[in-house]
Amino acid sequence: MLSSSTKGEQSYDTKSTSPSISNNLLIRKKFQRRGRTLSLNVNTSYNKNDADNINYILDNTTIGGVTTPKLTNQLNDQNSKSISNNARLVYTEPLNKTLSLELNYQNGYAFDNQQRLVYNYNPVTNEFDIKDPFYSNEFENTTLTNSVGFNFNKTEKKYNWQVGAAVQNTDRKNVNMTNGNVFNQNFTNITPQAQFRYNFSNNKRLNIRYNGRTQQPSINQIQPIPDNTNTQSIVLGNPDLKPSFTNNLFVIYNSFDFASFRSMTLGAIVNQQINAFANTSTLITDPTSVNYGKIAQGYTNVDGNFSANLFGNLSQPIIKGNKLTLQINASGNYSKSTNFTSSLENVTKSYSITNGYKLVSNLDKLDMNAGISGTMFRDTYSAAQNSNARYYTLTPSIDISYLLPGNVRIQTDVNYNKVTGRGAGFDTEYTLMNAYISRQFFKNKGTFKLSVNDLLNQNTGVTRSGGSNTITDLNFNVLKRYYMVSFTYSLGSIGGRSMGGMQMPGQGGQRMRM
């Protein structure tokens with residue numbers, strides 16, 4: 001195989017419009033018998049996108065010491081339309097004082113149309129009027145789902161539980177409007193669900209929830225027409241994709257002491273997927289191909305994808321009255337996913353561990369947050385072990401706000417960001433400092449604010465990521481130091497109080513902290 005290298009530049013200019021409309025209708029009927037109800041919920045949405053994209057790519061590919069230029073100058077006229085409607089009918093019947101039965105039926109309709117017309121630039125007419133049939137296509141996808149299910153609900157003083165299941169049938173029709181090909185698929189799934197809640201006391205609760213759900217592939221994932229707008233890859237959809245099925249388990253324990261304001265949260269989230277949507281990638285090695293050196297990307301279904309997240313938070317007051325509080329958080333994440341590179345199975349395993357500490361003050365005129373957080377990341381790839389990576393982040397921060405006489409508030413926050421282990425030139429270290437001064441008017445309904453963001457002008461955009469057959473280094477522009485003058489006026493009120501008196505962080509007046 002000949003070695004090659006490509007250097008080039010790309011500009012991609014887009015002009016688009018994206019109108020959308022949606023509605024939500026709920027009708028509920030109560031009967032004389034307590035607990036007996038009938039409800040109908042209907043959700044409808046319509047989305048349309050019309051875009052004219054100018055794709056300009058100038059590549060210089062060197063093969064065997066010979067450099068060949070290649071110019072792509074195309075108009076991508078992309079038009080898409082989607083309509084969806086979901087209706088759910090639910091009937092509830094009490095069986096006794098604590099047990100009830102729910103019967104439900106759900107109907108879903110989804111229609112997607114995507115048209116991509118690609119025109120090459122014509123130097124004779126100075127117009128984009130030469131249609132490229134290889135990259136042009138119109139594709140329609142219609143999905144109809146019907147689901148019938150039941151739930152038993154039990155409610156007691158200390159606990160309640162819910163157990164149920166549904167049978168869901170999915171009928172999908174894909175139509176290639178360009179060549180007339182029609183592809184039909186039909187699937188039937190069982191979607192179980194269960195929930196258990198237990199109240200140890202008024203301030204200690206345990207919640208366990210499980211559900212199974214299906215997900216349909218997007219029209220971009222099934223449209224079998226190559227997309228050449230990416231300089232590194234050619235994407236081709238797979239109309240044979242099946243819906244994926246996800247088992248989800250959620251466990252959380254909460255404890256809160258109203259007298260001392262001490263709180264603790266422990267939780268876990270676990271996901272397991274069947275027929276997950278996976279990427280396939282193959283290096284194009286044919287020197288005669290117009291896409292030589294790029295990666296041909298597609299989609300397929302795989303089993304075995306899995307993710308788990310464990311987390312915990314502790315809030316411990318140090319000074320009574322919630323004047324000073326220590327917050328501690330810790331979390332661990334693990335994920336396993338599968339894709340294919342050059343027909344080889346590549347299993348990616350990702351780990352991360354995070355730990356953070358923060359001091360939060362809540363005084364009459366002074367608010368202060370000061371803390372530090374760090375994360376260790378580890379990624380491994382079975383098919384490309386040279387891409388395995390371990391890197392670390394460290395983010396100490398401080399946020400101080402003080403209310404001056406005359407309802408004037410001054411604030412500053414400083415965040416230090418350090419990333420190590422990603423490689424020379426891609427480890428980053430910078431400090432972000434923001435500040436503002438604000439004053440409230442008109443009975444706290446209006447707020448005038450003068451702010452400066454990234455006062456030290458150090459914001460940085462550098463990332464590195466690895467895959468089965470690629471290492472991607474990105475340097476991108478980020479918005480650095482800028483100033484802003486704003487005035488906000490609140491027309492509403494909550495509980496008879498002006499919303500202007502209920503300030504979130506970053507506004508003048510008394511601030512609300514979460």
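That block above? That's the structure.
What you see is a predicted model; the values in this text were computed from it and never measured. (Residues numbered from 1 in each chain as written. Predicted model: local features only at pLDDT ≥ 70, side-chain atom pairs only at ≥ 80, totals over all residues. Heavy atoms only, no water.)

Q: Pulling in residues and values, what's your account of the overall build of the chain?
A: Tallying secondary structure elements over the chain gives one helix and 29 strands in all. Expressed as a percentage of contacts within the chain between residues at least 6 apart in sequence, the contacts between residues at least 24 apart total 59%. Carbon and sulfur atoms provide 56% of the accessible area of the chain, an area that totals close to 29500 Å². (Helix = DSSP H or I, 4+ residues; strand = E, 2+ residues; numbered from the N terminus. Contact = heavy atoms within 4.5 Å. Areas by Shrake-Rupley, 256 points an atom, 1.4 Å probe, with all protein chains shown as cover.)

Q: I'd like a rundown of a nonpolar patch on the surface, residues and numbers included.
A: Taken together, the side chains of Tyr-402, Leu-404, Ile-410, Ile-437, Phe-441, Phe-442, Phe-448, Leu-450, Val-485, Phe-487, Tyr-489 and Leu-491 make up a nonpolar region of the molecular surface, amounting to roughly 1200 Å² of accessible area. When contributions to the nonpolar patch are tallied by element, the ones reaching two or more residues are β21 (397-404), β23 (428-441), β24 (446-453) and β27 (482-489). Among the elements that make up the nonpolar patch, the one with the highest residue count is β27 (three residues). With respect to the helices, strands and loops of the structure, Leu-450 is situated in strand β24. Judged by its relative accessible area of 40%, Leu-450 falls in the partly exposed class. (Patch = residues over 30% accessible without salt bridge, like charges linked within 9 Å, V, L, I, M, F, W, Y side chains within 5 Å. Salt bridge = Lys/Arg side-chain N within 4 Å of Asp/Glu carboxyl O. Buried < 20%, exposed > 50% of the residue type's maximum accessible area, 1.4 Å probe, protein only.)

Q: How would you summarise the pairing of strand β3 (residues 37-63) if you had to cite specific residues and measurements?
A: One ladder, built from 11 bridges, connects strand β2 (residues 20-30) with β3; its direction is antiparallel. Directly across from Ile-21, in β3, lies its bridge partner Tyr-46. Pairing of β3 with strand β4 (residues 66-94), which is carried by 27 bridges, proceeds in the antiparallel orientation. Pairing of Leu-38 across the sheet is with Tyr-91, part of β4. (Pairing = 2+ DSSP bridges.)

Q: Lay out the pattern of salt bridges in plain terms, naming residues and giving numbers.
A: Evaluation of the coordinates by the stated rule reveals seven salt bridges. When the shortest N-O distance is used, the salt bridge between Glu-93 and Arg-33 registers 2.9 Å. Of the two residues, Glu-93 is situated in strand β4 and Arg-33 in the loop between β2 and β3; the sequence distance between them amounts to 60 residues. Taking the relative accessible area as the measure of exposure, Glu-93 reaches 14% and is therefore buried. A salt bridge links Lys-418 to Glu-429; the nearest nitrogen and oxygen atoms lie 3.5 Å apart.

Q: A description of the side chain of Ser-361 should follow, citing residues and the corresponding values.
A: Here Ser-361 shows up in strand β18 (residues 344-362). Those residues in contact with Ser-361 that lie beyond four places of it in its chain are Lys-323, Leu-324, Leu-366, Asp-367, Met-368 and Asn-369.

Q: Talk me through the pairing of strand β13 (residues 262-274); I want residue IDs and the actual numbers.
A: Note: strand β12 (residues 244-257) against β13, 13 bridges, orientation antiparallel. What sits directly across from Asn-254, in β13, is Thr-265. Between the end of β12 and the start of β13, which pair antiparallel, lie four residues, with Phe-261 showing a positive phi angle near 65°. With 10 bridges joining them, β13 and strand β16 (residues 306-319) adopt antiparallel strand pairing. Paired with Gln-272 across the bridge in β16 is Phe-306.

Q: Pulling in residues and values, what's your account of the packing of aromatic side chains?
A: This model, assessed by the stated rule, comprises 14 aromatic pairs. On the numbers, 5.3 Å between centres and 65° between planes, the contact of Tyr-121 with Phe-128 is edge-to-face. Given a relative accessible area of 30%, Tyr-121 falls into the partly exposed group. Relative to Phe-200, the ring of Tyr-198 lies with its centre 4.9 Å away and its plane at 70°, an arrangement referred to as edge-to-face. Aromatic ring contacts, followed pair by pair, group Tyr-159, Phe-196, Tyr-198, Phe-200 and Tyr-253 into a single cluster. Sitting above the plane of the Phe-31 ring, Lys-29 keeps its charged end 6.0 Å from the centroid. Taking NZ or CZ as reference, Lys-449 lies 4.5 Å from the ring centre of Tyr-436, over its face. (Phe/Tyr/Trp six-rings, centres within 6.5 Å; stacked < 30°, edge-to-face > 60°. Lys NZ or Arg CZ within 6 Å of the ring centre and 35° of its normal.)

Q: Which residues make up the environment of Val-118, and what are the values?
A: Relative to the elements of secondary structure, Val-118 occurs in strand β5 (residues 99-122). A relative accessible area of 1% places Val-118 in the buried class. Through-space distance from the C-alpha of Val-118 to that of Asp-52 is 9.9 Å; in sequence the pair is 66 residues apart. Those residues in contact with Val-118 that lie beyond four places of it in its chain are Gln-74, Leu-75, Asn-76, Ile-130, Lys-131, Asp-132, Tyr-135 and Ser-136.

Q: Hey, could you go over the environment of Arg-197 for me, with residue numbers and the actual values?
A: Along the polypeptide, Arg-197 turns up in strand β9 (residues 182-201). For Arg-197, a relative accessible area of 37% translates into the label partly exposed. When the C-alpha atoms of Arg-197 and Tyr-91 are compared, they prove to be 23 Å apart, with 106 residues separating the residues in sequence. What Arg-197 contacts, discounting residues up to four positions off in sequence, is Lys-158, Tyr-159, Asn-160, Leu-206 and Asn-207.

Q: Explain unusual backbone geometry to me, and be specific about the residues and the numbers.
A: Backbone geometry places Ser-343, a non-glycine residue, at a positive phi of 70°. Inspection of the secondary structure puts Ser-343 in the loop between β17 (324-341) and β18. What makes Ser-343 exposed here is its relative accessible area of 71%.

Q: Could you give an account of the environment of Val-148, with specific residues and numbers?
A: Tracing the backbone shows Val-148 in strand β7 (residues 137-155). Of the residues examined, Val-148 reaches a relative accessible area of 53% and is grouped as exposed. Along the sequence, Val-148 and Asn-186 sit 38 residues apart, while their C-alpha atoms lie 16 Å from each other.

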